[in-house]
Amino acid sequence: MQTDNRLFDDFAKFMNGAAGTIAGVGREAESSFRERMKDWIGGLDFVSRDEFEAVKAMAAAARDDADALKTRLNTLEAKKK
């Protein structure tokens, strides 16, 4: 048997509205926090992944060149003796 109680209906509507409002405030707070963190991290001197990979490739190439020159120097020094 169902009863018509306006007080419970109004309370349920109020709670649904409050839950929606609280969820919206939570989403807004999270969005604001993410934006502030992005601005804060962006202000630091971090490099992007692309820049890091480019410098890493340059360092590997320089290391290969240094190894090749070292081998060539050792060969020339061995011939000189």
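You'll find the structure just up there.
Residues numbered from 1 in each chain as written. Predicted model: local features only at pLDDT ≥ 70, side-chain atom pairs only at ≥ 80, totals over all residues. Heavy atoms only, no water.

Each helix and strand counted, the protein has two helices and zero strands in total. Over its C-alpha trace the protein gives a radius of gyration of 33 Å, far above what one expects of a compact globule, namely 12 Å for 81 residues. When its C-alpha atoms are laid out on the principal axes, the protein stretches across 110 × 35 × 15 Å. With 81 residues in all, the protein has 0% of them scored as buried. Working note: accessible area of the protein is about 8,100 Å², and carbon and sulfur atoms make up 60% of it. The centroid of the 14 positive side-chain charges in the protein is displaced by 11 Å from the centroid of its 15 negative side-chain charges. (Helix = DSSP H or I, 4+ residues; strand = E, 2+ residues; numbered from the N terminus. Rg over C-alpha atoms; globule rule 2.2 N^0.38 Å. Buried < 20%, exposed > 50% of the residue type's maximum accessible area, 1.4 Å probe, protein only. Areas by Shrake-Rupley, 256 points an atom, 1.4 Å probe, with all protein chains shown as cover. Lys, Arg positive; Asp, Glu negative; His and termini not counted. Charge placed at Lys NZ, Arg CZ, Asp CG, Glu CD.)

Turning to the pattern of salt bridges, a few remarks are in order. Tallying each qualifying case throughout the model produces three salt bridges. Its salt-bridge partner being Asp10, residue Arg6 comes within 3.9 Å of it at the nearest N-O pair. Residue Arg6 and its partner Asp10 are located together in helix H1 (residues 6-43), separated by four residues, close to a single helical turn. According to the relative accessible area criterion, Arg6 is exposed, its value standing at 65%. Asp10 sits in the partly exposed class, given a relative accessible area of 39%. Note that Glu30 is salt-bridged to Arg34, the shortest N-O span being 3.1 Å. (Salt bridge = Lys/Arg side-chain N within 4 Å of Asp/Glu carboxyl O.)

Our focus in this paragraph is a nonpolar patch on the surface. Where nonpolar side chains cluster on the molecular surface, the patch consists of Phe33, Met37, Trp40, Ile41, Leu44 and Phe46 and spans about 640 Å² of accessible area. As for its position among the elements, Phe33 is in helix H1. What makes Phe33 exposed here is its relative accessible area of 51%. (Patch = residues over 30% accessible without salt bridge, like charges linked within 9 Å, V, L, I, M, F, W, Y side chains within 5 Å.)

Interpretation note: all reported values are geometric properties and have no functional meaning in isolation.
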